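One letter stands for each residue in the lines below.
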Amino acid sequence: MDLLPALANSFQSTFQEAPTLFICSPGRVNLIGEHTDYNEGFVLPAAIDKAIYLAVGPRTDNKLHFVAYDIQKTFTGSIDHIEPTKSWADYILGVLQQLQQAGHTLRGLNCVFGGAIPMGAGLSSSAALENAVGFATNELFGLGLDRLALLRLSQKSENEFVGAKVGIMDMFASMMGRAGHVIKLDCRSLEYAYAPLQMDGIRIVLCDTRVKHSLVTSEYNTRRAECEAGVRYLQVFYPEIKSLRDVTMAMLDEHLKESNPHLYRRCGYVVRENQRVLNGVAALEADDIAAFGQLMYASHEGLSHEYEVSCPELDLLVSMARHQPGVLGARMMGGGFGGCTINLVREDALDAFTKEITSQYFAQTGKDTYLHVCKIEDGTHLVR
Ligand code: GLA
């Protein structure tokens, strides 16, 4: 079934009118640079062909009426009293509240959304929805905000309203993505550049563990706190340091290795991962995909053993991929503790890869993995 007509029908039957706007807002992949964004480091993400679609229309009163089409759930409320519900509606409400706090006057809103971004797969369905809501409201009410302002609102909403202390990568990739390109993003300055992804005969394949461990949010916030603790410790010796972005392995070796091996491993991972992104960008520019793939494996090792945000299912998928012919690199992607691995696979090896990974994963875990061959698409945009 085509999603757009289905959302349009749902909108029509719920509100007895057609939606004013349709927004498409994509999920993201990240080639390399994990858990570096909140350390003011570097990332290399892209928007993909898994997106959320949002049908919206303004109301004449101050009511809010949202429909989550995929799960057939409804939220009703008022723009005058926005508070967290601990449900999917918070991804919409949080953005509306941020807009109000920024001084914008909003009216009521009707919306229906649905999409093909599996929730909890680490493809940033929440950032996609937040971006879609900001983008739609900006268009509907003529708020005059640019993309950067909108994606910052999405992050603020997730940090303050939803309560997840995420970095800026997901919103940035979803909002700023460009078809066929990866984004080289400096999360300190937010300077960015698009690099064409020229990997002839190679595809980006996601393998979904189909698990989501409950550790996700608490461990994510703990890692952030550990990084901040490492920075505070080093500031005693190097007052100019602002974040792990400013830290070198030599500094860590000298001051943290002996005194706090635990923080040393956490901070060491981030410092090395930042360097891997820079090396990875150079490898892509030199068309050396084999070297890039090795950096992906090294990233996974660090995430699994030093940063400890992997899980048995992610480790299994990466180790199975390593032993498959035609695979150039593989690693876990996103926050960790479940979700997807990202793999670079030669086109001519794709069928065998799919067959082998699917059957081996099932044999070892009793779960079906879900594979997706990605296309790199444009960021959040108006469909019509
Ligand atoms: C999640 C967060 C991002 C980023 C990644 C890890 O996806 O939302 O901000 O920190 O984890 O790289």
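Residues numbered from 1 in each chain as written. Predicted model: local features only at pLDDT ≥ 70, side-chain atom pairs only at ≥ 80, totals over all residues. Heavy atoms only, no water.

Concerning the packing of aromatic side chains
So the rule is basically this: Two aromatic rings, drawn from Phe, Tyr or Trp (for Trp, its six-membered ring), form a pair once their centres lie within 6.5 Å of each other, and the interplanar angle then sorts them: stacked below 30 degrees, edge-to-face above 60, tilted otherwise. Accessible area is worked out with a 1.4 Å probe on protein chains only. A residue is then buried under 20% of its type maximum, exposed over 50%, and partly exposed in between. Only when the NZ of Lys or the CZ of Arg is both within 6 Å of the ring centre and within 35 degrees of the ring normal is a charge said to sit over the ring.
The final tally for this structure, using the stated rule, is eight aromatic pairs. Measuring from ring centre to ring centre gives 5.7 Å for Tyr-192 and Tyr-194, while their planes differ by 80°; the resulting arrangement is edge-to-face. Given the relative accessible area of 37%, Tyr-192 is considered partly exposed. Members of the aromatic cluster, joined through ring pairs, are Phe-172, Tyr-192 and Tyr-194. For the cation-ring pair, Arg-322 lies above Tyr-297, with the distance from its terminal atom to the ring centre recorded as 4.1 Å.

With respect to the sheet that holds strand E9 (residues 202–212)
Heads up, the condition is: DSSP bridges decide pairing: two strands pair if at least two such bridges lie between them. Here a strand is any run of E in DSSP of at least two residues, a helix any run of H or I of at least four, and the numbering for each starts at the N terminus. Only the stretch in contact is used when a helix axis is fitted, and all axes are lines through C-alpha atoms; the angle between N-to-C directions ranges over 0 to 180 degrees.
An order of E10-E11-E9-E12 is seen for the four strands of this open sheet, with the pairing classed as antiparallel. Every other strand in the sheet has two partners, leaving strand E10 (327–332) and strand E12 (370–373) as the edge strands with one partner each. Averaged over all adjacent pairs, the angle separating strand axes in this sheet is 20°, with direction ignored. With five bridges joining them, E10 and strand E11 (residues 338–346) adopt antiparallel strand pairing. Opposite Arg-331, over in E11, you have Ile-342 as the bridge partner.

Topic: the packing of helix H2 (residues 90–101) against helix H3 (residues 125–140)
Applicable threshold: Here the word oblique covers every angle except those under 35 degrees (roughly parallel), over 145 (roughly antiparallel) and from 65 to 115 (roughly perpendicular). Each crossing gets its hand from how the near helix is turned against the far one by less than a right angle, where anticlockwise is left-handed and clockwise is right-handed. Contact definition: two residues touch when any of their heavy atoms are within 4.5 Å. Any residue outside Ala, Val, Leu, Ile, Met, Phe, Trp, Tyr, Cys, Pro, Asp, Glu, Lys and Arg is labelled polar, Gly included; the first ten of those are nonpolar and the last four are charged.
The interhelical angle for the contact between H2 and H3, taken along N-to-C directions, is 45°, at an axis separation of 9 Å. When the interaxial angle is binned, H2 and H3 end up oblique. Between H2 and H3 the crossing geometry is right-handed. Contacts between H2 and H3 involve Tyr-91, Ile-92, Val-95, Leu-96 and Leu-99 on the former and, on the latter, Ser-126, Leu-129, Glu-130, Val-133, Gly-134 and Thr-137. Among the residues making up the contact of H2 with H3, the classes are represented as seven nonpolar, three polar and one charged.

A short note on the nonpolar core
To keep it simple, the criterion reads: Only buried Ala, Val, Leu, Ile, Met, Phe, Trp, Tyr and Cys residues count toward a nonpolar core, and they belong to the same one when joined by side-chain atoms within 4.5 Å.
Grouped together as the largest cluster of nonpolar side chains are 107 residues, with contacts concentrated most on Phe-66 and Leu-96. When near neighbours in sequence (up to four residues on either side) are disregarded, Leu-96 contacts Leu-64, Phe-66, Ile-79, Ile-82, Leu-106, Leu-109, Val-133 and Thr-137. Residues Val-205, Tyr-297, Met-320 and Val-345 belong to the second largest nonpolar core, which totals 15 residues.

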